[in-house]
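Here is what each chain is made of, one letter per residue.
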There are 2 protein chains.
Amino acid sequence: MVDREFFLGFIKIHILYHATEGPIFGLGMAEELARHGYRLGPGTLYPTLHRLEKEGYLESHPKVVGGKVRRYYTITEKGKVALEEARKKIRELVAEVMEEK
Amino acid sequence: MVDREFFLGFIKIHILYHATEGPIFGLGMAEELARHGYRLGPGTLYPTLHRLEKEGYLESHPKVVGGKVRRYYTITEKGKVALEEARKKIRELVAEVMEEK
DNA sequence: TAGGATAATATCGCAATACAATATCGGGAA
DNA sequence: TTCCCGATATTGTATTGCGATATTATCCTA
């Protein structure tokens, strides 16, 4: 398995993306990421969400679902801009490093 | 301009890629990255190269060019495997977050 | 109704990373 | 010699990553 340091940014971009598709909450996001092969413990996930919110990419509010309090995150305008920027960089990365064929 | 935390992994993947195309050295790589809009100071670049080498993705040897010592890096087998893994993850990322069309 | 399992988020403490600034090093030019 | 330039290295601080642990509230079941 290849070092995480290459992919932490990918994970954050996934998070931004999922937050555009609809409100996300921590554990649900962890499951989503696991489907892509990214295993993320709570000690990484939650601080990351907090930071993305603090930096203005996401905003959140708590909601009670099935008796449990979940903190749902949605993307902000700044977050959308960041995601667009990320898509540009992904295109560049693809153009550069992917074998055509 | 969007936060670096999203793109540090991209930069490392670029570095691996360029190291497959031929030997690279620090300053030359910095210029290459600048072409993609990534500005990387020496305090980030060199420790990153050292770490990629220490972890076995790259190997290096010094060479005198025009009187100046350059440290050239080439990719290792492990580095090639990592790059392939990265390509897979990039494909997944594209499939997930890029608007089709 | 007490106890335990479960869902979910939060935080602590240490290690690893990022990075601006600064240092170093050798050669060429004046 | 002295200064500049190309190039790499290191230092000190701040930030980030992350395993482990804590916390909180509800549901289930005996």
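Before reading on, note that the structure itself is shown above.
We now turn to the structure provided with this report. Quantities reported herein were computed from a predicted structural model and do not represent experimental measurements.

**Observations concerning the overall build of chain A**
When helices and strands are tallied, chain A shows four helices and three strands. Starting at the N terminus and ending at the C terminus, chain A contains elements arranged as α-β-α-α-β-β-α. Along the first, second and third principal axes, the C-alpha set of chain A runs to 50 × 35 × 20 Å. Within chain A, buried positions represent 44% of all 101 residues. Roughly 5,500 Å² of accessible area belongs to chain A as shown, and the carbon and sulfur atoms make up 54% of that amount. Measuring between centres, the 17 positive side-chain charges of chain A sit 7 Å from its 15 negative side-chain charges.

**A word on the protein's contact with DNA strand C**
In the neighbourhood of DNA strand C, 21 residues make up the surrounding shell, with Tyr 46 and Arg 70 of chain A together with Gly 43, Arg 51 and Lys 68 of chain B lying closest. By atom count, sugar and phosphate contribute 68% of the portion of DNA strand C lying within 4 Å of the protein. In this structure, a base nitrogen belonging to DNA strand C sits 3.4 Å away from a main-chain N or O atom of Gly 43 of chain B. Here a sugar or linking oxygen of DNA strand C and a side-chain polar atom of Thr 44 of chain B are 3.5 Å apart. Listing elements by their share of the surface near DNA strand C, those giving two or more residues are α2 (26-35), α3 (42-54) and β3 (68-75) of chain A together with α1 (8-21) and α3 (42-54) of chain B. In terms of residue count, α3 of chain A provides more of the surface near DNA strand C than any other element does, five residues in total. For the surface near DNA strand C, a count of residues per class yields seven nonpolar, six polar and eight charged.

**Re the sheet that holds strand β2 (residues 58-65) of chain A**
Residue and element names in this part refer to chain A. Taken in spatial order, the three strands line up as β1-β3-β2 in an open sheet, and their pairing is antiparallel. Strands at the two margins of the open sheet, each flanked by one partner only, are β1 (24-25) and β2. Contacting β1, β2 and β3, helix α1 (residues 8-21) crosses the sheet at an angle of about 100° to β3.

**Points about the relation of the copies chain B and chain A**
Note on the copies: chain B fits chain A at an RMSD of 0.1 Å, the axial shift is 0.0 Å, and the rotation between them is 180°. Taken together, the turn and the small shift mark the pair as related by a two-fold rotation axis. The C-alpha atom lying nearest the rotation axis in chain B is that of Gly 9 of chain B; the distance is 3.0 Å. The overlap is high: 100% of the interface residues of chain B also sit at the interface in chain A, so the same surface is used on both sides.

**A word on the protein's contact with DNA strand D**
Taken together, 21 residues form the shell around DNA strand D, and within it Gly 43 and Arg 51 of chain A together with Tyr 46, His 50 and Arg 70 of chain B come nearest. Looking at DNA strand D alone, sugar and phosphate atoms form 69% of those within 4 Å of the protein. Lys 12 of chain A places a side-chain nitrogen or oxygen 3.2 Å from a phosphate oxygen of DNA strand D. At 3.4 Å from a base nitrogen of DNA strand D is found a main-chain nitrogen or oxygen belonging to Gly 43 of chain A. Listing elements by their share of the surface near DNA strand D, those giving two or more residues are α1 and α3 of chain A together with α2 (26-35), α3 and β3 (68-75) of chain B. Of the residues in the surface near DNA strand D, the class split is seven nonpolar, six polar and eight charged.

**Remarks on the sheet that holds β3 of chain B**
Residue and element names in this part refer to chain B. Pairing is antiparallel across the open sheet formed by three strands, whose spatial order is β1-β3-β2. This sheet does not close on itself; its edge strands, each paired only once, are β1 (24-25) and β2 (58-65). The pairing of β2 with β3 spans eight bridges and is antiparallel. Bridge assignment links Ser 60 to a residue of β3, and that residue is Tyr 73.

The rules behind these values
- Residues numbered from 1 in each chain as written.
- Chains lettered and ligands numbered in written order.
- Predicted model: local features only at pLDDT ≥ 70, side-chain atom pairs only at ≥ 80, totals over all residues.
- Heavy atoms only, no water.
- Helix = DSSP H or I, 4+ residues; strand = E, 2+ residues; numbered from the N terminus.
- Buried < 20%, exposed > 50% of the residue type's maximum accessible area, 1.4 Å probe, protein only.
- Areas by Shrake-Rupley, 256 points an atom, 1.4 Å probe, with all protein chains shown as cover.
- Lys, Arg positive; Asp, Glu negative; His and termini not counted.
- Charge placed at Lys NZ, Arg CZ, Asp CG, Glu CD.
- Near = heavy atom within 4 Å.
- Polar contact = N/O pair within 3.5 Å; in protein donor to acceptor, adjacent residues only side chain to side chain.
- Nonpolar A, V, L, I, M, F, W, Y, C, P; charged D, E, K, R; others polar.
- Pairing = 2+ DSSP bridges.
- Contact = heavy atoms within 4.5 Å.
- Axes fitted to C-alpha atoms, helices over the stretch in contact; angles between N-to-C directions.
- Least-squares fit on C-alpha atoms with pLDDT ≥ 70 in both.

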